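Summary of structural features
Each chain, written out:
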Amino acid sequence: MMMVIKFRKKFWRRMTVVLPLLTVILLWAVMIAGQTEVERFASPSAAFEWYKDCARRGDTKGYVECLTAETKELVGSSPPPADLLKQEYQFLSKKKYKVEFSEEWAIIIFLDDPQKEPPYLLRQEDNQWKIDLKGMSENIFFDENQHWYLQGKSKVIKPPAG
């Protein structure tokens, strides 16, 4: 009987440390799992942050979720490997950006060198913002000074002066 009592005391003493730790881990898992697809893609900023998070984790399935339907067709059955996604995250992780809107896209403009760093374009599909790599490849051009510009349907969009 004495052994059982000692075991219980030792067990509960350990639980005072383990239980809060398990609670924190469980809450973190619920927050990540609880973030719905709608929340992930509700705004251009949320979609871009989710895109970066998928790249950080090397999550190719999550990465493909972030893309427009046309871009998914281009990527097809061969999304970039996890290590390439992680490299992209390293590139994007410390970059500050702002979001501007055109008739066609939400435009992620990087603030470090806004004229020379080409933007990311996001397009809304089914009320969700998705990365438009196809639009980026077809509509972002560089002038003789290596400054980007967008050739949109209605007008040319130039980067902000930096």
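Please refer to the structure higher up on the page.
Let me begin by describing the structure that accompanies this report. (Residues numbered from 1 in each chain as written. Predicted model: local features only at pLDDT ≥ 70, side-chain atom pairs only at ≥ 80, totals over all residues. Heavy atoms only, no water.)

**Side note on the pattern of salt bridges**
Under the convention used in this document: The working definition used for a salt bridge is a side-chain nitrogen of Lys or Arg within 4 Å of a carboxyl oxygen of Asp or Glu. By definition, any uninterrupted DSSP run of H or I lasting at least four residues is a helix, any uninterrupted run of E lasting at least two residues is a strand, and each is numbered from the N terminus. Residue exposure (1.4 Å probe, protein chains only): buried if accessible area is under 20% of the type maximum, exposed if over 50%, otherwise partly exposed.
By the definition in use, this model includes 9 salt bridges. Notably, a salt bridge pairs E138 with K134, separated by 3.1 Å at the nearest N-O pair. Taken together, the residues span about one helical turn, with E138 and K134 both in helix 7 (residues 133-139) at a distance of 4 residues. A relative accessible area of 43% places E138 in the partly exposed class. Each of D53, R56, R57 and D59 takes part in a single network of salt bridges with overlapping partners.

**Focus on helix 3 (residues 44-57)**
Operational definition: Expected span of a helix: the number of residues minus one, times 1.5 Å.
Taking 1.5 Å per residue, 14 residues should reach 20 Å; helix 3 reaches 20 Å between its end C-alpha atoms and fits that length. Among the residues making up helix 3, those that are buried are P44, A47, F48, W50, Y51, K52, D53, C54 and A55. Following helix 3 by one or two positions, G58 adopts a phi angle in the positive range, close to 70°.

**Overview of the pairing of strand 1 (residues 97-101)**
What counts, and what does not: DSSP calls a pair of strands paired once it identifies at least 2 bridges connecting them.
With 5 bridges connecting them, strand 1 and strand 2 (residues 106-110) associate as antiparallel partners. Across the sheet, E100 pairs through a bridge with I107, a residue of strand 2. Hairpin connection of strand 1 to strand 2: 4 residues between the antiparallel strands.

**Things to note about the environment of E100**
For clarity, the threshold we go by: In this description, contact between two residues means that some pair of their heavy atoms is separated by no more than 4.5 Å. The term polar contact refers here to a pair of N or O atoms within 3.5 Å; inside protein, the definition further demands a hydrogen-donor-capable atom paired with an acceptor-capable atom, and it admits residues adjacent in sequence only when both atoms are side-chain atoms.
Tracing the backbone through its elements, the reader meets E100 in strand 1. Taking relative accessible area as the criterion, E100 reaches 31% and is therefore assigned partly exposed. Put simply, E100 and L121 are 21 residues apart on the chain and 9.9 Å apart in space, counted from C-alpha to C-alpha. When sequence neighbours within four positions are dropped, the list of residues in contact with E100 reads W105, A106, I107 and I109. Of the polar contacts made by the side chain of E100, one reaches the side chain of K98; its length is 3.0 Å.

**Describing the packing of aromatic side chains**
This is how the line gets drawn: Side-chain rings of Phe, Tyr and Trp (the six-membered ring for Trp) are treated as a pair once their centres are within 6.5 Å; stacked means planes under 30 degrees apart, edge-to-face means over 60, and tilted covers the remaining angles.
Enumeration according to the criterion identifies 9 aromatic pairs in this entry. Ring plane angle 55° and centroid distance 6.2 Å describe the contact between F48 and F110, whose orientation is recorded as tilted. Taken as a pair, F48 in helix 3 and F110 in strand 2 lie far apart in primary sequence, 62 residues in all. The pair formed by F48 and F110 is uniform in burial state, with each residue classed as buried.

**A closer look at the sheet that holds strand 2**
The following threshold applies: Between N-to-C directions, angles span 0 to 180 degrees; the directions come from axes that are lines fitted to C-alpha atoms, helices contributing only their stretch in contact.
Here we have 4 strands laid out as an open sheet, ordered 1-2-3-4, and antiparallel in their pairing. Two strands in the sheet have a free side with no partner beyond their single neighbour: strand 1 and strand 4 (128-131). Across this sheet, the average inter-strand angle for adjacent strands is 30°, counted without regard to direction. Where helix 3 meets the sheet, it contacts strand 1, strand 2, strand 3 (120-125) and strand 4, and its direction lies at approximately 135° from that of strand 1.

**Some details on the sheet that holds strand 6 (residues 148-151)**
The sheet built from 3 strands is open, its strands ordered 5-6-7 with antiparallel pairing. Looking at which strands have only one partner, the edges of the open sheet turn out to be strand 5 (140-142) and strand 7 (156-157). Sheet analysis places strand 5 next to strand 6, joined by 3 bridges and oriented antiparallel. The residue of strand 6 that forms the bridge with F141 is Y149.

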